[in-house]
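# Geometric and topological summary
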Amino acid sequence: MTVPVTIRLQPDDFDVSREIAALTAGRTDIGAVVSFSGICRGSEGPEAITALTLEHYPGMAEAEIRRHVDQAITRWPLTGVTVIHRYGRVVPGDNIVLVLTASAHREAAFLGAEFLMDYLKANAPFWKSEERAQGASSWVDTHHRDDEAVTRWDKS
Amino acid sequence: MKVLYFAWVRERVGKAEEIIDPPASVRTVAELMQWLKGLGEEYAHAFEKPVIRAAIDHTHVKPDATISGAREIAFFPPMTGG
């Protein structure tokens, strides 16, 4: 059976429970759904953040996410995947990204979701610009820990 | 060929995309970046950091990748999605 995959890039917010309901509707083969939500924080260390602007590479971003979802489906017995990533301006408390992975049992769902999030952080063509209280904005630097998180999947 | 710039590379170059026509001697991504640097101060500023990544036709590539046959080349900082 083909695994149902939903990938959406959108400026608008999403509803986590509605997305889970859509993924599981009419299914009796799903025993586990793992949901990861990435949410805009109000501070970065000691600095207050007033907003984030997310830029993406249309076309490539969808293709990269699809490629990583296909890899996840090959590696683990997933029975459904949803990835939603917002672009544009978001403020603290807003959703940024949603990853849902479904499987018969929880282990595949957990691993698939973690794998997809690690790749989204380090390899999907998105960039974040932070706005601070004084009105200044700057591009967020890559965290080394994100790159390291990706390489661990190569070894296993 | 079409070239796209994202995030601070786009801001420094001052445009999101353009059509360029590099000489035949420019064969790799690294050589193209070097050639772009010579187009003006804004390009020199944009490409001064060695951290810039590239994609050819929506696929990540290394600096030694050939640009022959590329329709679209994108330059951008390391990604910070999620």
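See the structure above.
Below: a short report on this structure.

What counts and what doesn't
Residues numbered from 1 in each chain as written. Chains lettered and ligands numbered in written order. Predicted model: local features only at pLDDT ≥ 70, side-chain atom pairs only at ≥ 80, totals over all residues. Heavy atoms only, no water. Core = buried A, V, L, I, M, F, W, Y, C linked by side-chain atoms within 4.5 Å. Buried < 20%, exposed > 50% of the residue type's maximum accessible area, 1.4 Å probe, protein only. Helix = DSSP H or I, 4+ residues; strand = E, 2+ residues; numbered from the N terminus. Contact = heavy atoms within 4.5 Å. Pairing = 2+ DSSP bridges. Axes fitted to C-alpha atoms, helices over the stretch in contact; angles between N-to-C directions. Expected span 1.5 Å × (residues − 1).

Let us look at the nonpolar core. Ranked by internal contacts, the top residues of the largest apolar core, which has 33 residues, are Tyr5, Val9, Phe47, Phe75 and Phe76 of chain B. Among the secondary structure elements, those contributing two or more residues to this core are β1 (2-5), α1 (7-13), α2 (29-37), α3 (41-46), β3 (53-56) and β5 (72-76) of chain B. When sequence neighbours within four positions are dropped, the list of residues in contact with Tyr5 of chain B reads Glu55 of chain A together with Arg10, Val13, Lys15, Ala16, Glu17, Glu18, Leu36, Tyr43, Phe47 and Phe75 of chain B. Counting residues in each nonpolar core, the second largest holds 31 residues, with Ala72, Ala108, Leu116 and Trp153 of chain A among its members.

Moving on, we get to the sheet that holds strand β1 (residues 5-10) of chain A. Sheet strands pair by backbone hydrogen bonding; their relative direction is either parallel or antiparallel. All names here are of chain A. With mixed pairing, four strands are arranged side by side in an open sheet as β1-β5-β7-β2. Of all strands in the sheet, those with a lone pairing partner are β1 and β2 (32-39), marking the two edges. Recorded for the sheet is a direction-independent mean angle of 5 degrees between the axes of neighbouring strands. Pairing analysis gives eight bridges linking β2 to strand β7 (residues 95-103), with the strands arranged antiparallel. Paired with Gly38 across the two strands is Val97, which belongs to β7. Strands β1 and β5 (78-86) of the sheet are contacted by helix α2 (residues 60-75), whose axis makes an angle of about 155 degrees with β1. The strands that helix α3 (residues 106-122) touches are β2, β5 and β7; relative to β7, the one it contacts most, it runs at about 150 degrees.

Looking now at α3 of chain A. Helix length check: α3 of chain A (17 residues) gives 25 Å between terminal C-alpha atoms against 24 Å at 1.5 Å per residue, within 8%. Restricting attention to buried positions, one finds in α3 of chain A the residues Ala108, Ala109, Gly112, Ala113, Phe115, Leu116, Met117, Asp118, Tyr119, Leu120 and Ala122 of chain A.

Fair warning: the whole summary comes from geometry, so function is off the table for now.
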